[in-house]
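A structural walkthrough
The primary structure of each chain is shown beneath.
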Amino acid sequence: MNVGYRPNIGWATFLLAMVAGFCDAATYVGGNSIFSAHVTGNFILFAAQFVTESRNPSGWARLLTFPVFVLAVMTGGWVAARVRHKKSILLIEGIVLTLAGTAAILLPALGALDTQVIIYLVVLITTFGMGLQNAFGKLFAGATYGPTTMMTGNVTQAALELGNLIRRRGTADEASRTRFTKLRITISAFLTGCLIGGVLTIRMGLGTILIPGLAITICYLQEEYDRDVRPQAG
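Residues numbered from 1 in each chain as written. Predicted model: local features only at pLDDT ≥ 70, side-chain atom pairs only at ≥ 80, totals over all residues. Heavy atoms only, no water.

**What about the overall build of the chain?**
- When its secondary structure is counted, the chain shows eight helices and zero strands.
- The secondary structure elements of the chain, listed N-terminal to C-terminal, are α-α-α-α-α-α-α-α.
- Scored against the burial criterion, the 234 residues of the chain give a buried share of 43%.
- On the chain, roughly 12,500 Å² of surface is accessible, and the fraction owed to carbon and sulfur atoms is 67%. (Helix = DSSP H or I, 4+ residues; strand = E, 2+ residues; numbered from the N terminus. Buried < 20%, exposed > 50% of the residue type's maximum accessible area, 1.4 Å probe, protein only. Areas by Shrake-Rupley, 256 points an atom, 1.4 Å probe, with all protein chains shown as cover.)

**Some words on helix α1 (residues 9-30)**
- Between its terminal C-alpha atoms α1 stretches 31 Å, which fits the 32 Å expected from 22 residues at 1.5 Å a residue.
- Where α1 begins, one side-chain oxygen reaches toward the backbone nitrogen of Gly10, 3.2 Å away; that side chain belongs to Asn8.
- Asn32 sits one or two residues past α1 and shows a positive phi near 60°. (Expected span 1.5 Å × (residues − 1). Polar contact = N/O pair within 3.5 Å; in protein donor to acceptor, adjacent residues only side chain to side chain.)

**Examining the confidence of the model for the chain**
- Here the chain shows a mean pLDDT of 87. Residues at 70 or above account for 89%.
- Within the chain, helix α2 (residues 40-51) has the poorest average pLDDT of any element, 82, and α1 the best, 95.
- Here residues 1-5 is modelled with pLDDT under 50, and outside its nearest four sequence neighbours on either side it reaches 12 contacts, counting other chains as well. (pLDDT = per-residue confidence, 0-100. Contact = heavy atoms within 4.5 Å.)

**Description of the packing of helix α4 (residues 88-110) against helix α5 (residues 115-139)**
- Running from N to C, α4 and α5 point in directions that differ by 170°, and their axes come no closer than 9 Å. The pairing of α4 with α5 is recorded here as roughly antiparallel in orientation. For the pair α4 and α5, the contacting residues are Ile89, Leu90, Ile92, Glu93, Val96, Leu97, Ala100, Ala103, Ala104, Leu107 and Pro108 in the first and Ile118, Leu121, Val122, Ile125, Thr126, Phe128, Gly129, Met130, Leu132, Gln133, Phe136 and Leu139 in the second.
- Counted by class, the contact of α4 with α5 contains 19 nonpolar, three polar and one charged residues. (Axes fitted to C-alpha atoms, helices over the stretch in contact; angles between N-to-C directions. Parallel < 35°, antiparallel > 145°, perpendicular 65-115°, else oblique. Nonpolar A, V, L, I, M, F, W, Y, C, P; charged D, E, K, R; others polar.)

**Observations regarding a nonpolar patch on the surface**
- Residues Phe43, Ile44, Trp60, Leu63, Phe66, Val70 and Met74 make up a contiguous nonpolar surface patch of about 690 Å² in total accessible area.
- When residues in the nonpolar patch are grouped by element, the largest group, five residues, is from helix α3 (residues 58-80).
- Relative to the elements of secondary structure, Leu63 occurs in helix α3.
- Taking the relative accessible area as the measure of exposure, Leu63 reaches 31% and is therefore partly exposed. (Patch = residues over 30% accessible without salt bridge, like charges linked within 9 Å, V, L, I, M, F, W, Y side chains within 5 Å. Salt bridge = Lys/Arg side-chain N within 4 Å of Asp/Glu carboxyl O.)

**Concerning α2**
- With 12 residues, α2 should cover 16 Å at 1.5 Å per step; its first-to-last C-alpha distance of 17 Å lies within 8% of that length.
- Listed in full, the buried residues belonging to α2 are Asn42, Phe46 and Gln49. End-on view of α2: buried residues confined to an arc of 65°, all on one side of the axis. Of the exposed residues in α2, those oriented more than 90 degrees away from the buried face are Thr40, Ile44 and Val51. (Arc of directions from axis to C-beta.)

**Looking at the packing of aromatic side chains**
- Counting across every chain of the model gives four aromatic pairs.
- Between Trp11 and Phe14 the ring centres are 6.4 Å apart and the planes differ by 20°, which places this aromatic pair in the stacked class. Of the two residues, Trp11 and Phe14 both sit in helix α1, three residues apart, roughly one turn of that helix. (Phe/Tyr/Trp six-rings, centres within 6.5 Å; stacked < 30°, edge-to-face > 60°.)

What follows is the structure in structure tokens.
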């Protein structure tokens, strides 16, 4: 094992935030306005649909994302407690998202399920993947610059740091500058993922979720290679 290996936290943060933004936008645009990363947002949409007495089944699918998300987080905790390499949660997430994208591509061709059922199934599988990523963020907080799936807290902290920099007119301490830079990376990556996920899903459908799934899987395997095979630089 390469004991001198150090993971690139900045790259991990950017990748995971981008994946979360991609998946959230993809399921919202292509999955009847259902969030897969910000599942609490589905409560608002469900309540709005309920009070307007809409009978669209997407409302119940939104509500179902919550227990699926909880189950995914519990699964992440279970995996972390039993595997040697704790970050295996990310490999599982990559596989889950890859399965979601593959299902979105193959199931319509088979014609065995109704189109809406396929959409809800893909959304729920994606939600499971995002639950795993949320579990990873809580269990291994030091592996990224901060939460990669929920941006409200990041934006709040970034605004506080920016205000501090403006008030001190460039004389703020280095720690404040560093925090702002890290938060900017996370927020910009999430936004980038949202834009790419939204555009690709409009043009190509929910099968685009295959992209973040493969990205996480490949990057995880590459990190394992760097950790265990490649000699220490220098």
